[in-house]
Amino acid sequence: MSTPENQPSANFIRQIVSNDLAINKHNGKIATRFPPEPNGFLHIGHAKSICLNFGIAQENQGTCNLRFDDTNPEKESIEFMQSIEKDVQWLGFQWTAEYHSSDYFDPLYDYAVQLINQNLAYVDSLSAEEIRAYRGSLTEEGKESPDRNRPIAKSLDLFKRMREGEFEDGKYVLRAKIDMASPNINMRDPTLYRIRRTHHHRTGGDWCLYPMYDYTHCISDAIEGITHSLCTLEFEDHRPLYDWILDKLQTPCHPQQIEFARLQLEYTVMSKRKLAQLVIENHVKGWDDPRMPTIAGLRRRGFTPDSIRDFCERIGITKKDAWIKMAALESCIRDDLNENAPRAMAVLKPLRVVIENYPDEQVELLTAKNHPQKEEMGTREIPFSKIILIEQEDFSLVPPPKFKRLIEGGEVRLRGAYVIKCEKVITDTAGNVIELRCSYDKVTLGKKPEGRKVKGVIHWVSEQHSIPAELRLYAPLFTEANPEAQSHFLETLNPNSLEILSDSRVEASLANAKPETRYQFERCAYFCVDSDSRAEKLVLNRTVSLRDSK
RNA sequence: UGGGCCGUCGCCAAGCGGUAAGGCACGGGGUUUUGAUCUCCGCAUACCCAGGUUCGAAUCCUGGCGGCCCAGCCA
């Protein structure tokens, strides 16, 4: 995976970092952080940020913290925190230290007092609606709040009483005093603190005053000694505010915020709000539904950490809005699984085949390679008997051109076994093929047949030895490349995103397969054992099909 | 339409004034007891457009055009 020498590709952020290192900007130190809000599960877009932040730290012997940006208690929870920790580790990264924005509520408060003392912040009594009205518009300047020139002592007193819980939610906010005429709306006296009488998952009822993202993030970065604060493009307009706050305060350092484009993947959605809606409204079975672009979903689907990291490396880091095709992700997991997944045989939609000239009670244990190119992956035994099951699709009464599988009167190779010939087709009254009567050529085991060419090879399982399995096949969750561009993204939900095959049979060697075990079912697809799987009834998810150049 | 950012092959993406890397996708040949893998070959006289500077421009300048983001007491 990655590049052969494991050299990460050049990108503008790594260039900035190398440059800073070259001029000894931070005494040779590089410190990054991955700062999710614990309000949902991580998705593949987060993986991009994780690989970048942890990657840059690793490449430069630096540090990378995991920081939960938990300043909005209404949407956050311990469960989400735990899922995030698990997913980051599963992806293969270990943070230097774990922090929470809420760890900094005290210093954050003290810094706010400093700002008030410097006459750079004030307590405002305008309502949310009034503040919006006063803010102006994209083309019109805002106007100053009547409270903007509230005496420092008065703001100090009010701010203290806000913290003490004297006022109801929304009564006052703390605002930075910057410039109501700024062309950058983020600089029009942004709100720094709001009153929220909400239980916080970590600080409980200690606070009824919570700091806003813009105020919190820069200071948290500075407290942790972050050198490069990497975030997505939509925060570009916030950078002047990030810098303004740190410029006005005597913080330990002044990190550099650098923005990059967020990941956009076709045929899915990537906003936590929408993913949460899919879960809450039961359009999927949970955050880890294999159709979800969440780390947990991809994991359950059968993706490997390597494949996701490879994907993040392949798509690169730029400032350009890019739409990545599913094929790019699929290529990554195919490359990994082709290399590492043991092969096995499974028949998704069985068709019964009786080999008439094969002895009734005979069972042969045939030896099959677990990987066609990698001897070190070993072999396994596969029972062969008189009645086998093949794929319905591998037989055709009216074969299309170039069909190289079984036809009436034709021969085909059973993978790892004999060449068989279709002697008779049995149909039901409706004309459906329900069984095949074949003969086998006993000298073709491990040998080419003499005097003729048999081009097709098909997979099979022994009827009496195979194990019933439920196979879950997935298609994209949405029917439009960009569901969010539609009037409502749910309108483009794909009604056929899940297909369940409950009559499939897998070879006997899968008997004790544990969840998260991955296989290539030869000629078919890669599958991964699901957490719903039981000894009596195996359940597997199709991760991705094999390339098919038919 | 105020501000910010972006525009190199169908989709990503290197390139940083010296004459267009790579990946995905696609097309074709070879090998193959997986129509898989592997392998070989092909795939931008061209970098949003128009001018300009230069011996030389995707790279610099000017002017257009197109796209994305911002008016939460969300992050």
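Everything in this summary refers to the structure shown in the same document. This structure is a prediction, so every number in the text was calculated from the model and none was measured.

## Remarks on the pairing of strand β20 (residues 411-414)
Every regular strand shows the same layout, with side chains that alternate between the two sheet faces. Where β20 and strand β21 (residues 419-427) come together, three bridges link them in antiparallel fashion. Paired with arginine 413 across the two strands is valine 419, which belongs to β21. Across two bridges, the pairing between β20 and strand β23 (residues 457-458) is parallel. By the bridge assignment for β23, leucine 414 is matched with isoleucine 458.

## Description of the pairing of strand β1 (residues 31-34)
Neither face of β1 is left uncovered, since the one carrying Ala31 and Arg33 and the one carrying Thr32 and Phe34 both have all their residues buried. Pairing of β1 with strand β2 (residues 63-68) involves four bridges; the strand directions are parallel. Note on β2: the bridge partner recorded for phenylalanine 34 is leucine 66. Viewed along the sheet, the connection from β1 through helix α2 (residues 44-59) into β2 turns out right-handed.

## Describing helix α1 (residues 12-22)
Looking only at α1, the buried set comprises Ile13, Arg14, Val17 and Asp20. All buried residues of α1 lie within an arc of 125° about the axis, which places them on one face of the element. Opposite the buried face of α1, by more than 90 degrees, sit the exposed residues Gln15, Asn19 and Ala22. Of the surrounding secondary structure, the elements contacted by the buried residues of α1 are α2, β8 (228-232), β9 (256-260) and α11 (305-315). With a side-chain oxygen lying 2.9 Å from the backbone nitrogen of isoleucine 13, the N-terminal cap of α1 falls on asparagine 11.

## Digging into the side chain of glutamate 259
Topologically, glutamate 259 is positioned in strand β9. Using a relative accessible area of 2% as the deciding quantity, one classes glutamate 259 as buried. Polar contacts involving the side chain of glutamate 259 include one to the side chain of glutamine 257, which spans 3.0 Å.

## Digging into unusual backbone geometry
Non-glycine residue asparagine 27 carries a positive phi angle of around 55°. Among the structural elements, asparagine 27 can be located in the loop between α1 and β1. Backbone geometry places glutamine 61, a non-glycine residue, at a positive phi of 50°.

## A closer look at the sheet that holds strand β7 (residues 209-211)
The strands that make up a sheet pair up through hydrogen bonds in the backbone, lying either parallel or antiparallel. Sheet architecture is open: four strands sit in the order β4-β5-β6-β7, paired in antiparallel fashion. The sheet terminates laterally at β4 (121-124) and β7, the two strands that pair on one side only. The sheet shows a mean angle of 20° between the axes of neighbouring strands, direction not considered. Examined bridge by bridge, strand β6 (residues 191-195) and β7 share three bridges and lie antiparallel to one another.

## Notes on helix α6 (residues 152-163)
Over its twelve residues, α6 runs 17 Å from end to end, which matches the ideal 16 Å to within 8%, given 1.5 Å per residue. Among the residues of α6, those classed as buried are Ser155, Leu158, Phe159 and Met162. The buried residues of α6 occupy an angular sector of 100° when projected down its axis, which confines them to one face. For α6, the secondary structure elements touched by its buried residues are α4 (105-117), β4, β5 (173-176), β6 and β7. Glycine 165 occupies a position one or two residues after α6 and carries a positive phi of about 90°.

## Structural notes on the layout of surface pockets
Here the largest pocket defines a volume of roughly 1,000 Å³. Listed by contribution, the elements that provide at least two residues to the lining of the largest pocket are β1, α2, α7 (213-223), β8 and α9 (272-280). Among the elements that line the lining of the largest pocket, the one with the most residues is α9, at five residues. For the lining of the largest pocket, the residue count by class is 17 nonpolar, ten polar and eleven charged. Looking at the lining of the second largest pocket, the elements that each hand over two or more residues are β26 (498-506) and β29 (538-545). When grouped by side-chain class, the residues that make up the lining of the second largest pocket number ten nonpolar, five polar and 14 charged. Structurally, the lining of the second largest pocket is a two-domain feature, drawing no fewer than three residues from each of domain 2 (266-340 + 467-506 + 512-550) and domain 3 (349-462).

The rules behind these values
- Residues numbered from 1 in each chain as written.
- Chains lettered and ligands numbered in written order.
- Predicted model: local features only at pLDDT ≥ 70, side-chain atom pairs only at ≥ 80, totals over all residues.
- Heavy atoms only, no water.
- Pairing = 2+ DSSP bridges.
- Helix = DSSP H or I, 4+ residues; strand = E, 2+ residues; numbered from the N terminus.
- Buried < 20%, exposed > 50% of the residue type's maximum accessible area, 1.4 Å probe, protein only.
- Right-handed = clockwise from strand over helix to strand, strands pointing away.
- Arc of directions from axis to C-beta.
- Contact = heavy atoms within 4.5 Å.
- Polar contact = N/O pair within 3.5 Å; in protein donor to acceptor, adjacent residues only side chain to side chain.
- Axes fitted to C-alpha atoms, helices over the stretch in contact; angles between N-to-C directions.
- Expected span 1.5 Å × (residues − 1).
- 1 Å grid on protein atoms, 1.4 Å probe; cavity = no way out; pocket = protein on both sides within 12 Å on 5 of 7 lines; lining within 4 Å.
- Points joined across faces, edges and corners; volume = space filled by probe spheres on them.
- Nonpolar A, V, L, I, M, F, W, Y, C, P; charged D, E, K, R; others polar.
- Domains from an automatic or database assignment.

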